[in-house]
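Notes for the structure review
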Amino acid sequence: MLIYLIIASVCYLGAWSKAPKKAYQLSFFAMWFFMAFRGLDLSSKVDGFYYHDFFNILSYTLTVQAKTGFGWGFGLLSAVCKTICPRFEFFQVVFTALLFVLLAMVMRELHLSYQEKCLFLFFYMTQQMLWYFCNLLRQAPANLIVWYVMLH
């Protein structure tokens, strides 16, 4: 959690620094790196291992989808990642990259200054990020897509 606090501090202090663009870019990349290469124990004991088990036993049939409750989009992304590399860590990196692309699209649509972007990242990181990016993997892209659609 020390790394998480350091990244949050860079986000917060970046809003009042002389180079808020660099602070924003550094904290955005550091947040992606921290989330993409995190361990399963950062998420709750149930959710992280549930996603990991789903990825490992996924046979992409209608019965598996119906029994697990995972949506088709999440199953399709898992299937594509599993055909490229059968390790869950690869899926985690790809999924986190997708989430950060969506987050960047939302932030671009908000037309914020770099100081405001730093503060937005700080508040998003402290309020939502661990919950959505670690525990609620299926809901995180849906949440960001809804935000993006609402901005249009």
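No experiment lies behind these values; they were computed from the predicted model shown.

Cut-offs used in this document
- Residues numbered from 1 in each chain as written.
- Predicted model: local features only at pLDDT ≥ 70, side-chain atom pairs only at ≥ 80, totals over all residues.
- Heavy atoms only, no water.
- Helix = DSSP H or I, 4+ residues; strand = E, 2+ residues; numbered from the N terminus.
- Expected span 1.5 Å × (residues − 1).
- Buried < 20%, exposed > 50% of the residue type's maximum accessible area, 1.4 Å probe, protein only.
- Arc of directions from axis to C-beta.
- pLDDT = per-residue confidence, 0-100.

Given a rise of 1.5 Å per residue, 13 residues ought to cover 18 Å, and the 18 Å separating the end C-alpha atoms of helix α1 (residues 2-14) matches this to within 8%. Tyr4, Ile7, Ala8, Cys11 and Gly14 are the residues of α1 that are buried. Projected down its long axis, α1 carries its buried residues within an arc of 135 degrees, all on one side. Exposed residues on α1 whose side chains face more than 90 degrees from its buried face are Leu2, Leu5 and Leu13.

One non-glycine residue with positive phi stands out, namely histidine 111, at about 55 degrees. Among the structural elements, histidine 111 can be located in the loop between α6 (88-109) and α7 (114-135). Looking at histidine 111, the relative accessible area reads 67%, which means it is exposed.

The pLDDT averaged across the chain works out to 79; a share of 73% of its residues lies at or above 70. The secondary structure element of the chain with the lowest average pLDDT is helix α4 (residues 62-68), at 51, and the one with the highest is helix α2 (residues 20-36), at 89.

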